[in-house]
Amino acid sequence: MPDIAFVKPALPKGGALVLPMTEGDPPAGLGKEADAASGGLLTRALEAAGFKGRKGQATTLWALGGWTKVVAVGLGKASELGPEAAEAAGGAIAPALAADREAMVAADSLDPSLAASIGFGALLRGWRFDRYRTKEKEEDKPKLERIAIATSSVSAAKAAFVPMRAVADGVFMARELVTEPPNVLHPVEFAERCRVLERLGVEVEVMGLKELKRLGFGAMIGVAQGSQHEPRMVVMQWRGAPKGKKAKPIALIGKGVTFDTGGISIKPAGGMEDMKWDMAGAGAVVGAMAAIAGRKAKADVIGLVGLVENMPSGTAQRPGDVVKTYSGQTVEVINTDAEGRLVLADVMWYCQERFDPRAMVDLATLTGAIIISLGHEHAGLFSNDDELAQRVSAAGSAVGEKVWRMPLGEAYDKQIKSDIADMKNVGGRPGGSITAAQFLQRFTNGKPWAHLDIAGTAWSGKDQPTVPKGATAFGVRLLDRLVEDMAEEG
Ligand code: BES
Ligand code: MN
Ligand code: ZN
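Being a predicted model, the structure only gives us computed values, none of them experimental. (Residues numbered from 1 in each chain as written. Chains lettered and ligands numbered in written order. Predicted model: local features only at pLDDT ≥ 70, side-chain atom pairs only at ≥ 80, totals over all residues. Heavy atoms only, no water.)

Enquirer: What am I meant to see in the pairing of strand 6 (residues 146-150) here?
Expert: Each regular strand carries side chains that alternate between the two faces of the sheet. The buried fraction of strand 6 is high, at four of five residues. Across five bridges, the pairing between strand 1 (residues 3-7) and strand 6 is parallel. Residue pairing for strand 6: aspartate 3 is matched across the bridge by arginine 146. Judged from the five bridges that link them, strand 5 (residues 102-106) and strand 6 form a sheet pairing that is parallel. Among the inter-strand pairings, alanine 106 is bridged to a residue of strand 6, identified as alanine 150. (Buried < 20%, exposed > 50% of the residue type's maximum accessible area, 1.4 Å probe, protein only. Helix = DSSP H or I, 4+ residues; strand = E, 2+ residues; numbered from the N terminus. Pairing = 2+ DSSP bridges.)

Listed below in C-alpha cells is the structure:
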C-alpha cells in the first residue's frame, strides 16, 4: 500500500504525474503549468486519446515532456464534484501506477478536502492481500510506494486526511479478516485478532464456551457444537462520548460464521469456499470499531460479534432439534444451514439486555435470497424504526455503501410459526430474507433495531473504483458514518 503525503505545489521535472481533471475543462493549476511546459502537447494528446474527464476515466500518456507518464483521471462534472468523485479518481490512480514507485498528483486547484479524498480513494483501492503468495515474481508485484498530493493547503489536506486514514485502517482490518482462509481464521483466532483494538483504547472482552453455556446461549452453542473449534463472543466497548454528554450507546452486532458448510443440512460443493466470508458482518463490526476508535469518535459505541464454525459431524445439531435461546424463547431447527439467525438471536438479546442501546444495528451475510432480490448493488435493510432506517440509508448513500429498505410484517412472521416450539428457524422459500429478519426481530425486545443483510455486498467479483475485487468490507464506512451522524451530532 502506498504512503500518502501532501505537499506544496511544485511541478516535478520527471517521474509519473497524475492530473485529476473535471469533465470538459482544461487542466488547471500544476496541470496548466505542465501543459504549458509541454508546449500544449499535453492537452492535444489527451484530446487525441479521447479523454473527457468523466468520473473514474483514466488515460495514460507515455514519455510526454520530461515525465515517464502523465495519467489524467476524471473527476466528472465540476458542478457535481464532491468526495465520492474525488475518491473514485484516487481509486483510478492505483491500477494506473502499479509499475511506478512514486507519483505526484496535481490537486492544487481543488479544495484541500478533495485532495484528501483523492488520497483516501487511492489508499482504499491500493490495498492487497499477499500473505500466502510465496512465488510472485518481482516484476508482477505492485511497486507504488508513495503518492505525493500537491495541494494549496498542506495543513488543511492533512487535517482532512487524519480521520480518513483511520477509516481506511478499519476497512483494511475488515478486508483482511474476511479474506483470511477458514483454516486460519476460526472463531478462536478471530477473537484473538479483536484484541489489537485494545491498542486503540477499545475494551475487549472475549467469552468462551464455558461462559456462553453458563449464560445459556443455547442457539449459538447449537450451531457451534459440530465444530472442533470452540465458539466465542467478543464484546468491544469504545467510550468516546464526552463526560456530561453520556447517552445510551449505539450497538453494532456482527454474524461471524468463520465457515458455513450448512452443517447436517449440508451445502452443495460448488462454490462452498465462498462460505469463508460468512463472517463478513463480524468483520465489518470489528473494522468499524477500529475506524471509530482510530479517529477518536466522540461517541459511545459497543461492538458484539458471535463467532462459530458451522460443521457437520457426529456432534452437530440435527434438523428437528429444539434449542433454548438466551432470551428463553425456544427454536425448532428445521434447517441447520439457517445458522446465522441462531447466532444473532443470542447475541442480540444479550446486547439489548446488558447495554440498553439507543440503536442496535446488525450486519450479516444472512440469506442467499437477498442476492436474488437486490443483486450485488444494495444491501437489504430491515428495521422496526423509521428514523433509524432513514439514518442508516443516509449514511450508506453518503459513503457509497448503498442499502435498500425491505418490508417486515406480521404476515411474514406467521411463516416461522412452529408446531413444537416458539418458532422455527426457516420460513420457506417465499420472502426468505424477510422471514430471516422476522426471526431476528423477535430478539430485539422491541428496541430500535436495523438489520443489514450483506450476503450480496460483502464480496465483489469485480474491481470497483475504491474497492479491489474480493472482500469489500461493506458496512465499515456506513457504520462509521452512522455513528458520526447520530452520536456526534445528537
Ligand atoms: N451464509 C448463508 C447465506 C449466504 C448465501 C451468504 C450465499 C452469502 C452467499 C446462510 O447461512 C444460509 O445458508 N442461508 C440459507 C437459508 C436457508 C436455509 C433458509 C440460504 O440462504 O439458502
Ligand atoms: Mn448457512
Ligand atoms: Zn451462513
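Having seen the model, we can carry on.
Enquirer: Looking at this structure, how should I read unusual backbone geometry?
Expert: Note on backbone geometry: most residues besides glycine have negative phi, and most peptide bonds are trans. With phi around 50 degrees, alanine 63 is a residue other than glycine that occupies positive phi space. Summarising the element assignment, alanine 63 is placed in the loop between strand 3 (58-62) and strand 4 (69-74). In this structure alanine 63 comes out as exposed when scored by relative accessible area, which is 63%. Phi is positive for aspartate 356, close to 40 degrees, though the residue is something other than glycine. Relative to the helices and strands, aspartate 356 resides in the loop between helix 10 (340-355) and strand 13 (359-364). Overall, aspartate 356 belongs to the partly exposed group, its relative accessible area being 31%.

Enquirer: So what exactly am I meant to see when it comes to the site of ligand 1 here?
Expert: The environment of ligand 1 is formed by 17 residues, the closest being Lys267, Asp278, Asp337, Glu339 and Gly368. Taking lysine 267, its side chain carries an N or O atom lying 2.8 Å from an oxygen atom of ligand 1. Considering ligand 1 on its own, with 510 Å² of exposed area, one finds that the protein chains cover 78% of that surface. Applying the majority rule of atoms within 2 Å of the grid points places ligand 1 in the second largest pocket. A breakdown of the residues in the shell around ligand 1 according to their chemical character gives six nonpolar, four polar and seven charged. (Near = heavy atom within 4 Å. Polar contact = N/O pair within 3.5 Å; in protein donor to acceptor, adjacent residues only side chain to side chain. Areas by Shrake-Rupley, 256 points an atom, 1.4 Å probe, with all protein chains shown as cover. 1 Å grid on protein atoms, 1.4 Å probe; cavity = no way out; pocket = protein on both sides within 12 Å on 5 of 7 lines; lining within 4 Å. Sits in = over half its atoms within 2 Å of the grid points. Nonpolar A, V, L, I, M, F, W, Y, C, P; charged D, E, K, R; others polar.)

Enquirer: When you look at the pattern of salt bridges in this model, what are you seeing that I'm missing?
Expert: Note on pairing: side chains with opposite charge can pair once their charged atoms come close. In this structure the tally under the stated criterion is 30 salt bridges. One salt bridge in this structure joins lysine 255 and aspartate 278, with 3.2 Å as the shortest N-O distance. Highlighted residues: lysine 255 in strand 9 (residues 250-260) and aspartate 278 in the loop between strand 9 and helix 9 (280-294), separated in sequence by 23 residues. The pair formed by lysine 255 and aspartate 278 is uniform in burial state, with each residue classed as buried. Arginine 481 is the partner of glutamate 484 in a salt bridge, and the nearest nitrogen-oxygen pair spans 3.9 Å. Of this pair, glutamate 484 and arginine 481 both sit in helix 15 (residues 476-487), three residues apart, which is roughly one turn of the helix. Given the relative accessible area of 28%, glutamate 484 is considered partly exposed. Each of Arg131, Glu176, Glu180, Glu189 and Arg193 takes part in one network of salt bridges that share partners. (Salt bridge = Lys/Arg side-chain N within 4 Å of Asp/Glu carboxyl O.)

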